Amino acid sequence: MLRHPCFDERAHRVVGRLHLPVAPCCNIKCAYCERKVGCVNERRPGVSTTIISPSEVVTYVERALAFEPRIEVVGIAGPGDALANEETFLALAEVKKHFPELKICLATNGLALPKSLPYLIEVGLQFLSVTVNFVTPETGTKIVRFVKEDKVLVGEEAAKLLFSRQLEGIALASEAGIRVKVNTVLIPEV
């Protein structure tokens, strides 16, 4: 049974999850985003008190499992975008090699999802959260300051690219049997 506390209410307080803070870079800039490293007052994906290297992942997971044996899920959710960092792929390879019993989870803005999906399937990704904050280019221009891939895009061009990649990646991941959750940030002024 695939249990994950963010995907199944029955798994709350029963199944533990561990976020690996290996992904400091982001490929988009959202108007509302404040990525932080060193914030001791927040305990959520996207905020981290430290960044670890892929070579530290095995020790990090071993220590966490010794402290909390209910951990069944290991994920990468930042503090930047998981798929904008090569370290994510190296860390996931370490998890697959050393902890094959753990379920793998990832959170992303979706820009690089279609391109990254074959590798994510290869390492056994089971859970995916994609943050989608708009469905029209007009709204997207109020939320996304820029999108960076081969070049930096702004305005409607950036919004259209991001949204199309999100939809494509969500569809491909779902077709591959990955459990997908769409997150959104409520921005009252938009």
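Residues numbered from 1 in each chain as written. Predicted model: local features only at pLDDT ≥ 70, side-chain atom pairs only at ≥ 80, totals over all residues. Heavy atoms only, no water.

Enquirer: Just checking my understanding: could you explain helix H1 (residues 57–67) for this structure?
Expert: Side chains that are three or four residues apart share a direction in an α-helix, a result of its 3.6 residues per turn. What H1 keeps buried is the set Val57, Val58, Val61 and Ala64. The arc that holds every buried residue of H1, seen down its axis, measures 135 degrees, which confines them to one face. Projecting away from the buried face of H1 at angles above 90 degrees are the exposed residues Arg63, Ala66 and Phe67. Where H1 is buried, its residues touch strand E1 (16–19), strand E5 (71–76) and helix H2 (86–98). (Buried < 20%, exposed > 50% of the residue type's maximum accessible area, 1.4 Å probe, protein only. Helix = DSSP H or I, 4+ residues; strand = E, 2+ residues; numbered from the N terminus. Arc of directions from axis to C-beta. Contact = heavy atoms within 4.5 Å.)

Enquirer: What is the right way to look at the packing of H2 against helix H3 (residues 113–122) in this model?
Expert: Each pair of packed helices can be summarised by the angle the axes make with each other and by the distance between the axes. Following both chains from N to C, one finds H2 and H3 inclined at 15 degrees, their axes separated by 10 Å at the closest point. Judged on the interaxial angle alone, H3 and H2 are roughly parallel. Seen along the crossing, H2 lies across H3 with a hand that is right-handed. Facing Phe89, Leu92, Ala93 and Lys96 of H2, the residues of H3 in contact are Ser116, Tyr119, Leu120 and Glu122. Here the residues of the contact of H2 with H3 sort into 5 nonpolar, 1 polar and 2 charged. (Axes fitted to C-alpha atoms, helices over the stretch in contact; angles between N-to-C directions. Parallel < 35°, antiparallel > 145°, perpendicular 65-115°, else oblique. Left-handed = near helix turned anticlockwise from the far one by under 90°. Nonpolar A, V, L, I, M, F, W, Y, C, P; charged D, E, K, R; others polar.)

Enquirer: For this particular structure, what's the right way to read the nonpolar core?
Expert: Nonpolar side chains tend to gather and get buried jointly when the protein is soluble and globular. Membership of the largest hydrophobic core comes to 48 residues, with the highest contact counts inside it found for Leu20, Val57, Ile76, Leu106, Leu120, Leu128 and Val147. If one sorts the elements of this core by residue count, helix H5 (residues 155–175) sits on top with 7 residues. Look past the residues within four positions of Val147 in its chain and what remains in contact with it is Asn27, Ile28, Leu111, Val152, Leu153, Ala158, Leu161 and Leu162. (Core = buried A, V, L, I, M, F, W, Y, C linked by side-chain atoms within 4.5 Å.)

Enquirer: What am I meant to see in the sheet that holds strand E7 (residues 125–131) here?
Expert: Strand pairing in a sheet is mediated by backbone hydrogen bonds. Such pairs are either parallel or antiparallel. Spatial ordering of the open sheet is given by E1-E5-E6-E7-E10, a layout of 5 strands whose pairing is parallel. Looking at strand neighbours, the two that pair on one side only are E1 and strand E10 (179–183), the edges of this open sheet. Along the sheet, successive strands turn relative to each other by an average axial angle of 25 degrees, direction set aside. Summarising the sheet, strand E6 (residues 103–108) and E7 pair through 5 bridges and their orientation is parallel. Paired with Ile104 across the strands is Leu125, a residue of E7. (Pairing = 2+ DSSP bridges.)

Enquirer: So what exactly am I meant to see when it comes to the packing of aromatic side chains here?
Expert: Two aromatic rings are characterised by how far apart their centres lie and by the angle between their planes. Tallied over the full model, the rule gives 2 aromatic pairs. For the pair Phe89 and Tyr119, a centre-to-centre distance of 5.4 Å together with 75 degrees between the ring planes defines the contact as edge-to-face. Note that Phe89 is positioned in helix H2 and Tyr119 in helix H3, a separation of 30 residues in sequence. An angle of 40 degrees between the planes, with centres 6.2 Å apart, marks the rings of Phe134 and Phe163 as tilted. Within this pair, whereas Phe134 is found in the loop between E7 and helix H4 (137–143), its partner Phe163 is found in helix H5, the two being separated by 29 residues in sequence. Comparing Phe134 with Phe163 shows no difference in burial state: the two are buried. (Phe/Tyr/Trp six-rings, centres within 6.5 Å; stacked < 30°, edge-to-face > 60°.)

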